[in-house]
Amino acid sequence: MTVTDRYARSKALFAAAQSVIPGGVNSPVRAFRGVGGTPIFFSRGSGSHVEDVDGNSYIDYVLSWGPLLLGHAHPAVLQAIAEQAARGTSFGAPTELETELAELVIALMPGVEQVRFVNSGTEATMSALRLARAYTGREKIVKFSGCYHGHADMLLVQAGSGVATLGLPDSPGVPASTAASTLTVEYNDLDAAAELFRQHGDTIAAVIVEPIAANMGFVLPEPGYLQGLRELTRSHGTLLIMDEVMTGFRTSPGGCQGLWGIDPDITCLGKVIGGGLPVGAYAGKRAIMQTVAPAGPMYQAGTLSGNPLAMAAGLATLRTAFDAPEGETSLFQRAAGRAQTLADGIRSLSEQTGVPLQVGNVGTMFGFYFLKEAGVKVRNYAEAKQWVDAARYAKFFWAMCERGVYLAPSQFEAGFVSAAHDTVDIAVTLTAIREALLAARG
Ligand SMILES: *Cc1c(COP(=O)(O)O)cnc(C)c1O
């Protein structure tokens, strides 16, 4: 295959990595199991583009899985990191930057009154659940099948069907006793959630939800669904945790809660707030956040939490993306406009080529499923598994790489547009998609 030559150095590096790193990667989706072949190793990125170790260049729609809202190596972010690094990389003591970023997050996210910074999205959701349990004095939590909230034990659980069941661990090493307090229901099924609450309502500490299910592809909430979860949880004294690690600062400046007017008790953040450096945060109503040590009894800590480099990168990213002079479009709005053009283009290419796709986009995020049949709709994980044509996506993915466009190496991941993607990038991408759709169809 021509693929062999084009990616020769990536292949060699992957072989070397596999002998010293399990599976050759530090996060499983990077291993390309979803599309076959071997992962592409990158050497540099600038704006909308990345370059691999074989010298191939790509327009990048992965953007480190979301964080790079301004694109790669944005000058404002680089400058903020460099200036802070010269003053010191970590103190393990408070800095002014933490308060500044917290204030900015509070100003942007309507459901947030206080913020605690951590180092990853996983840490954010794990801590948010501990907080919900501490605050309510209850143990059970509810998550939705196919929603991903990082890899903490109690979140690596997924029921096998739309029927509400007691959870079974999704991975060896997760104690059955831990998984047993995680209840799972199908996404977008308010009746199933209501039934679960009829049975267990007064023992449920929290419901955790991705406001857009974007770790099983790109599944939008049905109209009224999130509002329904809000009412259901409120009426049972259960906290609603919105996991906006991916959607925060990507769907709108105020995330999905700002866009759709949902008022969560706790919000989880990550990805964009670190501007490409490792950060997470859990945040929410003051009365609840006051439970966190040292204000309250719930313990949670971190040697590098609120790390000044990461705070500086996050601040530079958010300020640059959302600050715009009166009457001018912000960089965020520009990126969202490009994402809209891209998604609309993909919709019409699906019609023109006769390849059935389910296309979605909100703000700077987008996604498209290759469907086994025209006319079916994916609203949850069960339907995703039933209707998605992952083999066709794999062909399409490699055809896109050959045409200089890098998409997620899995059909079950979302895509991202940055402020650096220009109209030429979008046009080039749509031309490549037309050709790759025809290649994948044939
Ligand atoms: C990425 C992601 C996480 C996990 O964040 P990490 O920084 O990878 O630990 C949690 N929730 C959602 C919705 C995510 O997209």
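Residues numbered from 1 in each chain as written. Predicted model: local features only at pLDDT ≥ 70, side-chain atom pairs only at ≥ 80, totals over all residues. Heavy atoms only, no water.

Peer 1: Mind showing me how you'd approach the overall build of the protein here?
Peer 2: The number of helices and strands found in the protein is 15 helices and 15 strands. Over its C-alpha trace the protein gives a radius of gyration of 21 Å, about what one expects of a compact globule, namely 22 Å for 442 residues. Overall size of the protein, expressed as C-alpha extent along the three principal axes, is 60 × 55 × 55 Å. Within the protein, the proportion of its 442 residues that are buried is 56%. Surface exposure of the protein reaches about 17,900 Å², of which carbon and sulfur atoms provide 53%. Across the protein, the centroid of the 33 positively charged side chains sits 4 Å from that of the 40 negatively charged ones. (Helix = DSSP H or I, 4+ residues; strand = E, 2+ residues; numbered from the N terminus. Rg over C-alpha atoms; globule rule 2.2 N^0.38 Å. Buried < 20%, exposed > 50% of the residue type's maximum accessible area, 1.4 Å probe, protein only. Areas by Shrake-Rupley, 256 points an atom, 1.4 Å probe, with all protein chains shown as cover. Lys, Arg positive; Asp, Glu negative; His and termini not counted. Charge placed at Lys NZ, Arg CZ, Asp CG, Glu CD.)

Peer 1: I'm lost on the site of the ligand in this one. Help?
Peer 2: Contacts to the ligand come from Ser-120, Gly-121, Thr-122, Tyr-148, His-149, Gly-150, Glu-210, Asn-215, Asp-243, Val-245, Met-246 and Lys-271. Measuring from an oxygen atom of the ligand, one finds a side-chain N or O atom of Thr-122 at 2.7 Å. About the coverage of the ligand: the protein hides 83% of its 380 Å² of free accessible area. Among the residues making up the shell around the ligand, the classes are represented as three nonpolar, six polar and three charged. (Near = heavy atom within 4 Å. Polar contact = N/O pair within 3.5 Å; in protein donor to acceptor, adjacent residues only side chain to side chain. Nonpolar A, V, L, I, M, F, W, Y, C, P; charged D, E, K, R; others polar.)

Peer 1: What am I meant to see in the nonpolar core here?
Peer 2: Side chains of a nonpolar character, in soluble globular proteins, are inclined to be buried together. Of all hydrophobic cores here, the largest spans 41 residues; its most connected members are Tyr-61, Leu-342, Phe-368, Phe-396, Phe-397, Leu-407 and Ile-433. Those elements that provide at least two residues to this core are strand S3 (57-60), helix H12 (331-353), strand S12 (357-362), strand S13 (365-370), helix H14 (390-402), strand S14 (405-406) and helix H15 (423-441). Ranked by residue count, the leading element in this core is H14, at eight residues. Ranked by size, the runner-up nonpolar core spans 34 residues in total, among them Leu-69, Val-115, Phe-249 and Ala-281. (Core = buried A, V, L, I, M, F, W, Y, C linked by side-chain atoms within 4.5 Å.)

Peer 1: Even after reading the chapter, I still don't get the sheet that holds strand S15 (residues 415-416), so can you show me in this structure?
Peer 2: Neighbouring strands of a sheet are bound in pairs by backbone hydrogen bonds; such pairs are parallel or else antiparallel. Ordered in space as S12-S13-S15, the three strands form an open sheet in which the pairing is antiparallel. Looking along the sheet, the strands with just one partner apiece sit at the ends: S12 and S15. Direction of pairing for S13 relative to S15: antiparallel, over a ladder of two bridges. Within the sheet, the bridge partner assigned to Phe-366 lies in S15 and is Gly-415. (Pairing = 2+ DSSP bridges.)

Peer 1: What exactly am I supposed to notice about unusual backbone geometry here?
Peer 2: It is generally the case that most residues other than glycine have a negative phi and that most peptide bonds are trans. Note that the residue after Ala-293, namely Pro-294, is joined by a cis bond; omega there is 5°. With a phi angle near 50°, Leu-63 is a residue other than glycine that sits in the positive phi range. Tracing the backbone through its elements, the reader meets Leu-63 in the loop between S3 and helix H3 (75-87). The class for Leu-63 is buried, based on a relative accessible area of 0%. With phi around 60°, Ser-64 is a residue other than glycine that occupies positive phi space.

Peer 1: I keep staring at the packing of helix H4 (residues 96-108) against helix H11 (residues 308-322) and nothing clicks. Help me out?
Peer 2: The angle between the axes and the distance between the axes are what describe a pair of packed helices. Following both chains from N to C, one finds H4 and H11 inclined at 35°, their axes separated by 9 Å at the closest point. Crossing angle aside, the handedness with which H4 passes H11 is left-handed. Along the contact surface, H4 presents Leu-97, Glu-98, Glu-100, Leu-101, Leu-104 and Leu-108, while H11 presents Pro-308, Met-311, Ala-312, Gly-314, Leu-315, Leu-318, Arg-319 and Phe-322. Taken together, the residues that form the contact of H4 with H11 break down as ten nonpolar, one polar and three charged. (Axes fitted to C-alpha atoms, helices over the stretch in contact; angles between N-to-C directions. Left-handed = near helix turned anticlockwise from the far one by under 90°. Contact = heavy atoms within 4.5 Å.)

Peer 1: Just to check I follow, could you spell out the pairing of S3 for this structure?
Peer 2: Along any regular strand the residues' side chains alternate between the sheet's two faces. When strand S2 (residues 49-52) meets S3, the two strands line up antiparallel, connected through three bridges. Bridge pairing links Glu-51 to Ser-57 in S3. In sequence, S2 turns back onto S3 through a hairpin of four residues, with Gly-55 there showing a positive phi of about 90°. As paired strands, S3 and S14 are joined by two bridges and run parallel to one another. If you follow Ile-59 over to S14, its bridge partner there is Val-405.

Peer 1: Before we go on, may I ask you to explain the pattern of salt bridges in this structure?
Peer 2: One pass over the full model with this rule turns up ten salt bridges. A salt bridge links Asp-263 to Lys-285; its shortest N-O distance comes to 2.7 Å. Taken together, the residues Asp-263 in the loop between helix H9 (255-260) and strand S10 (266-269) and Lys-285 in the loop between strand S11 (280-284) and helix H10 (286-289) connect sequence positions 22 residues apart. Judged by relative accessible area, which is 18%, Lys-285 ranks as buried. Ionic pairing is found between Arg-347 and Asp-344, a salt bridge with its closest N-O pair at 2.9 Å. Placement of both Arg-347 and Asp-344 in helix H12 is noted, with a separation of three residues, approximately one turn of the helix. A relative accessible area of 38% places Asp-344 in the partly exposed class. Salt bridges linked by common partners bring Arg-234, Asp-263 and Lys-285 together as one network. (Salt bridge = Lys/Arg side-chain N within 4 Å of Asp/Glu carboxyl O.)

Peer 1: Please clarify how the state of the cysteines should be interpreted in this entry.
Peer 2: Simply put, the disulfide is a covalent bond whose two ends are the sulfur atoms of two cysteines. Per the stated rule, a full pass over the model turns up zero disulfides. We note that Cys-256 lacks a disulfide partner, and the nearest cysteine sulfur, in Cys-147, lies 12 Å from it. For Cys-256, a relative accessible area of 0% puts it in the buried group. (Disulfide = S-S within 2.5 Å.)

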